[in-house]
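# Topology and contacts: notes
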Amino acid sequence: MEENRMKKHISAVAAIRIALHSIGLLGVIIGFAAVNFAFSFIPVESLPDAVMPIISGIIYFVFVVIAAVSVLGLIAAIGLLSYKPWARILTIVVSAISCLNIPVGTLAGVYSIWVMLQDDTLKLFQNEV
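## Focus on the overall build of the chain
When its secondary structure is counted, the chain shows 5 helices and 0 strands. Reading the chain from its N terminus to its C terminus gives the helix and strand order α-α-α-α-α. Once the C-alpha set of the chain is aligned to its principal axes, its extents read approximately 70 × 25 × 20 Å. Across the 129 residues in the chain, those meeting the buried criterion constitute 32%. Taking contacts inside the chain between residues at least 6 apart in sequence as the whole, the part at least 24 apart equals 72%. With an accessible surface of roughly 7,800 Å², the chain has 75% of that area assigned to carbon and sulfur atoms.

## Points about the nonpolar core
Membership of the largest hydrophobic core is limited to 12 residues, which are Met6, Ile10, Val13, Ala14, Ala77, Leu80, Tyr83, Ala87, Val115, Met116, Leu124 and Phe125. For this core, the secondary structure elements donating two or more residues are helix 1 (2-39), helix 2 (51-81), helix 4 (104-116) and helix 5 (119-127). Looking at which element gives the most residues to this core, the answer is helix 1, with 4 residues. For Val13, the residues in contact, after removing those within four places along its chain, are Leu80, Thr91, Tyr111, Ser112, Val115 and Met116. One finds Val28, Val35, Phe39 and Met52 within the second-largest nonpolar core, a separate group that totals 6 residues.

## With respect to unusual backbone geometry
Omega for the bond connecting Ile102 with Pro103 falls within 30 degrees of zero, at 0°, which places this linkage in the cis form. With respect to the element layout, Pro103 can be found in the loop between helix 3 (85-98) and helix 4. Positive phi, normally seen in glycine, also occurs at Tyr83, with a value near 55°. Given a relative accessible area of 10%, Tyr83 falls into the buried group.

## Quick look at the packing of aromatic side chains
A complete count under the given rule lists 4 aromatic pairs for this structure. Ring centres of Tyr83 and Phe125 lie 5.6 Å apart, and the angle between their planes is 55°; this geometry places the pair in the tilted category. Residue Tyr83 is found in the loop between helix 2 and helix 3, and its partner Phe125 is found in helix 5; the two are separated by 42 residues along the sequence. Its relative accessible area of 2% is what places Phe125 among the buried residues. With centroids separated by 6.3 Å and ring planes inclined at 25°, the aromatic side chains of Tyr111 and Trp114 adopt a geometry described as stacked. In this pair, Tyr111 and Trp114 are both assigned in helix 4, 3 residues apart and thus about one turn of the helix distant. Overall, Tyr111 belongs to the partly exposed group, its relative accessible area being 25%. Overall, the relative accessible area of 40% leaves Trp114 in the partly exposed class.

## A few points about the side chain of Ser98
Along the polypeptide, Ser98 turns up in helix 3. A polar side-chain atom of Ser98 sits 3.1 Å from the main-chain carbonyl oxygen of Ser95. A polar contact is formed between the side chain of Ser98 and the backbone oxygen of Gly105, at a distance of 3.4 Å. If near-sequence neighbours (up to four positions away) are discounted, Ser98 is found in contact with Arg17, Gly105, Thr106 and Gly109.

What counts, and where the lines are drawn
Residues numbered from 1 in each chain as written. Predicted model: local features only at pLDDT ≥ 70, side-chain atom pairs only at ≥ 80, totals over all residues. Heavy atoms only, no water. Helix = DSSP H or I, 4+ residues; strand = E, 2+ residues; numbered from the N terminus. Buried < 20%, exposed > 50% of the residue type's maximum accessible area, 1.4 Å probe, protein only. Contact = heavy atoms within 4.5 Å. Areas by Shrake-Rupley, 256 points an atom, 1.4 Å probe, with all protein chains shown as cover. Core = buried A, V, L, I, M, F, W, Y, C linked by side-chain atoms within 4.5 Å. Phe/Tyr/Trp six-rings, centres within 6.5 Å; stacked < 30°, edge-to-face > 60°. Polar contact = N/O pair within 3.5 Å; in protein donor to acceptor, adjacent residues only side chain to side chain.

Next comes the structure, spelled out in structure tokens:
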């Protein structure tokens with residue numbers, strides 16, 4: 001009985017992770033296009049030489065980090081659906097990172113971590129149901 005309940009929680013975590021990280025990837029794509037569009041209107045010759053590389057470097061770094069976390073989250077969610085032991089660990093790591101995304105990421109992260117740290121969840125992943 002408890003095993004079925006944890007399977008439902010694991011499926012819920014996978015669904016939440018797929019939804020949130022898909023939105024994250026979509027946000028990166030839209031944000032990247034928007035930033036490139038906005039940069040086309042900035043008169044570069046009126047700025048000091050070092051300003052644009054620093055600003056664009058910071059923005060693109062943020063996009064790369066969000067994209068990397070989103071891809072890892074999607075990989076973890078797919079692994080959760082197959083009860084792969086590595087997916088449980090990856091979900092804990094990605095969930096801890098997503099706790100920085102207040103408030104939705106925090107709620108999803110805390111719930112995901114809670115599910116992944118339950119003894120019954122550990123048993124399910126050790127047996128690879």
